[in-house]
Amino acid sequence: MGTSLYEPINVYKPVAPALGIVDGPFEYLTIASVTLPLPFTTRMTVARLSNGDLFLHSPIKFHAKLAEELQTLGTIRHLVSPNQFHYAHIGEWSKAYPDAITWASPRVRQRARARNIDVEFARDLHDAPPEEWRDEIDQTLFPGGYFKEFIFFHGSSRTLILTDTIINIELGKISEPWRTATRLTGMYYPHGQIFFGMRLPLLLRRQKRMEAIRKIRSWQPQRIILSHGRCFDADADEVIERIFR
Ligand SMILES: [Fe+2]
């Protein structure tokens with residue numbers, strides 16, 4: 001196979017009170033209708049709001065047993081696409097839970113349409129969090145040009161929730177030639193790095209970049225959850241200073 005999963009998959013793993021992750025099965029990147037042979041892992045974050053609603057960040061492939069498990073924790077309510085690359089399974093969850101609200105990231109509707117992915121988005125994310133979760137989760141749009149994404153901060157656990165902004169692949173979990181390719185990008189454990197596609201847009205958008213970084217610093221996160229690779233379970237401030245300085 002060449003790549004290892006974050007076993008066990010499709011089960012809720014608590015990381016703090018009211019916050020957990022679910023590691024998913026392999027995903028494959030498709031570029032111009034060609035599916036690349038590299039499988040990669042992805043991860044969903046689940047926050048339980050104080051009213052019992054669940055916030056599902058970047059939902060992984062729908063899995064009935066997982067859905068049942070999540071329903072024991074709360075009501076599956078918010079299905080969130082943080083960027084235009086993480087949305088493909090929202091339609092599956094939405095079909096199973098039609099009362100859930102689907103939240104769109106910039107350009108995600110166009111992307112889904114172009115790829116014939118069956119999903120309807122009811123609401124749009126904005127720079128300020130909606131009243132549904134603003135008392136518990138803050139957010140800001142991180143300016144990565146084409147790769148821009150909404151990043152979130154879960155207040156009670158002081159956790160930053162990122163999708164592709166930082167990637168931290170464990171080289172031991174992938175085989176050649178991908179291992180060497182990943183090494184060249186610098187986006188690997190233990191240091192991680194900003195996703196390479198975002199770096200030029202970030203350089204060009206100094207003002208927006210500084211505003212976003214100021215906001216991230218003001219949150220004083222202690223932990224960072226990532227969608228790809230290993231999370232940073234502690235010392236988030238050091239990681240942020242090193243990567244965003
Ligand atoms: Fe991604």
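Everything that follows concerns the structure shown earlier in this document.
Residues numbered from 1 in each chain as written. Predicted model: local features only at pLDDT ≥ 70, side-chain atom pairs only at ≥ 80, totals over all residues. Heavy atoms only, no water.

(A) Just the overall build of the protein chain, in detail. Check the secondary structure of the protein chain and you find seven helices and 15 strands. Whereas a compact globule of 245 residues would reach a radius of gyration of roughly 18 Å, the protein chain reaches 17 Å, a difference of no more than 12%. Here the C-alpha coordinates of the protein chain stretch approximately 45 × 40 × 35 Å along the principal axes. Within the protein chain, buried positions represent 51% of all 245 residues. Partitioning the intrachain contacts of the protein chain with sequence separation of at least 6 by distance along the chain shows that 54% fall at a separation of at least 24. Carbon and sulfur atoms make up 53% of the accessible area of the protein chain, which amounts to about 11,900 Å² in all. (Helix = DSSP H or I, 4+ residues; strand = E, 2+ residues; numbered from the N terminus. Rg over C-alpha atoms; globule rule 2.2 N^0.38 Å. Buried < 20%, exposed > 50% of the residue type's maximum accessible area, 1.4 Å probe, protein only. Contact = heavy atoms within 4.5 Å. Areas by Shrake-Rupley, 256 points an atom, 1.4 Å probe, with all protein chains shown as cover.)

(B) Structural context of the sheet that holds strand E2 (residues 19-23). Ordered in space as E1-E2-E5-E6-E7-E8-E9, the seven strands form an open sheet in which the pairing is mixed. Two strands close off the open sheet at either side, each with one partner strand: strand E1 (13-16) and strand E9 (123-124). As defined by bridge partners, E2 adjoins strand E5 (residues 43-48) across five bridges and the pair is classed as antiparallel. In the strand pairing of E5, Gly20 is matched with Val46. (Pairing = 2+ DSSP bridges.)

(C) Focus on the packing of aromatic side chains. Under the criterion given, the structure shown has twelve aromatic pairs. Plain terms: the ring middles of Trp133 and Phe152 are 6.5 Å apart, the flat faces sit at 70 degrees to each other, and that makes the pair edge-to-face. Here the residue Trp133 occupies a position in the loop between E9 and strand E10 (137-142), and Phe152 occupies one in strand E11 (residues 149-154), the gap between them amounting to 19 residues. Residues Trp133 and Phe152 agree in their burial class; the two are buried. Three or more aromatic residues link up through ring pairs in this structure, and these residues are Phe85, Tyr146, Phe147, Phe195 and Phe196. In this arrangement the basic side chain of Arg43 is found over the ring face of Tyr6, its NZ or CZ atom lying 4.8 Å from the centre. Residue placement shows Lys173 over the ring face of Tyr6; its charged tip is 4.3 Å from the ring centre. (Phe/Tyr/Trp six-rings, centres within 6.5 Å; stacked < 30°, edge-to-face > 60°. Lys NZ or Arg CZ within 6 Å of the ring centre and 35° of its normal.)

(D) Up close: the coordination of the iron ion. Within the first shell, the iron ion binds the protein through His86 (NE2), Asp164 (OD) and His228 (NE2), at distances of 2.0 to 2.1 Å. Expressed as a motif, the donor residue spacing for the iron ion is H-x77-D-x63-H. Of the two residues, Asp164 sits in the loop between strand E12 (159-161) and strand E13 (166-167) while His228 sits in the loop between strand E15 (223-225) and helix H7 (236-244), which places them 64 residues apart along the sequence. (Donors = N, O, S within 2.8 Å, 3.2 Å for Na, K, Ca; no water.)

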